[in-house]
Amino acid sequence: AVLALGAIGDGAAVKPLLEILGGAARLKEKYRDDADVSRLRSAAAFALGMLGDTAAVPTLLGALRDAEVRVRQHADLALRRMSGRNLGFDADAPETEREKVAKAWDALWAARLRDPDAPPAEEQRE
């Protein structure tokens, strides 16, 4: 159902998806299974990328630093889909390496949200 919200393409889904992505504590109270909570949150990140609404960017940037690897992976996928860029984020890398790329995502989106028509600061990496 969470992925369907993204596939439908209705911007009204952004707010509930952001609540799912950012609501780990509330979801754990309801589901009590960390794997279920992780699946829901990662699906929400992916669905937000499908929608492409930049209102989700701050939450997705925060999700790059999430404790759950699956959430980090899907947040990166969402940001890549929304920006058309791949900054080489590895959700399984040590925290210091992940943080370097997360900061690069922060900088890219700060510039892009200030001026959406500005050319990219660096070439896309594979």
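Residues numbered from 1 in each chain as written. Predicted model: local features only at pLDDT ≥ 70, side-chain atom pairs only at ≥ 80, totals over all residues. Heavy atoms only, no water.

**Description of the pattern of salt bridges**
- The full count for this structure, using the stated rule, is five salt bridges.
- Note that Arg39 is salt-bridged to Asp36, the shortest N-O span being 2.3 Å. Residue Arg39 and its partner Asp36 are both found in helix 4 (residues 34-51); the two are separated by three residues, about one turn of the helix.
- Note that Arg65 and Asp106 form a salt bridge whose closest N and O atoms lie 2.7 Å from each other. Taken together, the positions of Arg65 in the loop between helix 5 (57-63) and helix 6 (69-83) and Asp106 in helix 7 (residues 95-114) put the pair 41 residues apart, joining distant regions of the chain.
- The class of Arg65 is partly exposed, set by a relative accessible area of 35%. (Salt bridge = Lys/Arg side-chain N within 4 Å of Asp/Glu carboxyl O. Helix = DSSP H or I, 4+ residues; strand = E, 2+ residues; numbered from the N terminus. Buried < 20%, exposed > 50% of the residue type's maximum accessible area, 1.4 Å probe, protein only.)

**A short note on the packing of helix 4 against helix 6**
- Two elements in contact, helix 4 and helix 6, have axes separated by 7 Å at closest approach and are oriented at 5°. Regarding the angle of helix 4 to helix 6, the classification is roughly parallel. Residues Ala35, Ser38, Arg39, Arg41, Ser42, Ala45, Phe46, Leu48, Gly49 and Met50 of helix 4 lie in contact with helix 6, whose contacting residues are Arg70, Val71, His74, Ala75, Leu77, Ala78, Arg81 and Met82.
- Residue classes in the contact of helix 4 with helix 6 are distributed as 10 nonpolar, four polar and four charged. (Axes fitted to C-alpha atoms, helices over the stretch in contact; angles between N-to-C directions. Parallel < 35°, antiparallel > 145°, perpendicular 65-115°, else oblique. Contact = heavy atoms within 4.5 Å. Nonpolar A, V, L, I, M, F, W, Y, C, P; charged D, E, K, R; others polar.)

**Thoughts on helix 4**
- The first and last C-alpha atoms of helix 4 sit 26 Å apart over 18 residues, in line with the 26 Å expected at 1.5 Å per residue.
- Buried residues of helix 4: Val37, Ser38, Arg41, Ser42, Ala43, Ala44, Ala45, Ala47, Leu48, Gly49 and Leu51, and no others. (Expected span 1.5 Å × (residues − 1).)

**Things to note about the confidence of the model for the protein**
- Taken residue by residue, the protein gives an average pLDDT of 84. The fraction at 70 or more is 90%.
- Averaged over each element, pLDDT in the protein is lowest for helix 1 (residues 2-8) (71) and highest for helix 6 (95). (pLDDT = per-residue confidence, 0-100.)

**What about the side chain of Asp76?**
- Here Asp76 is to be found in helix 6.
- What Asp76 contacts, discounting residues up to four positions off in sequence, is Leu64, Phe89 and Trp105.

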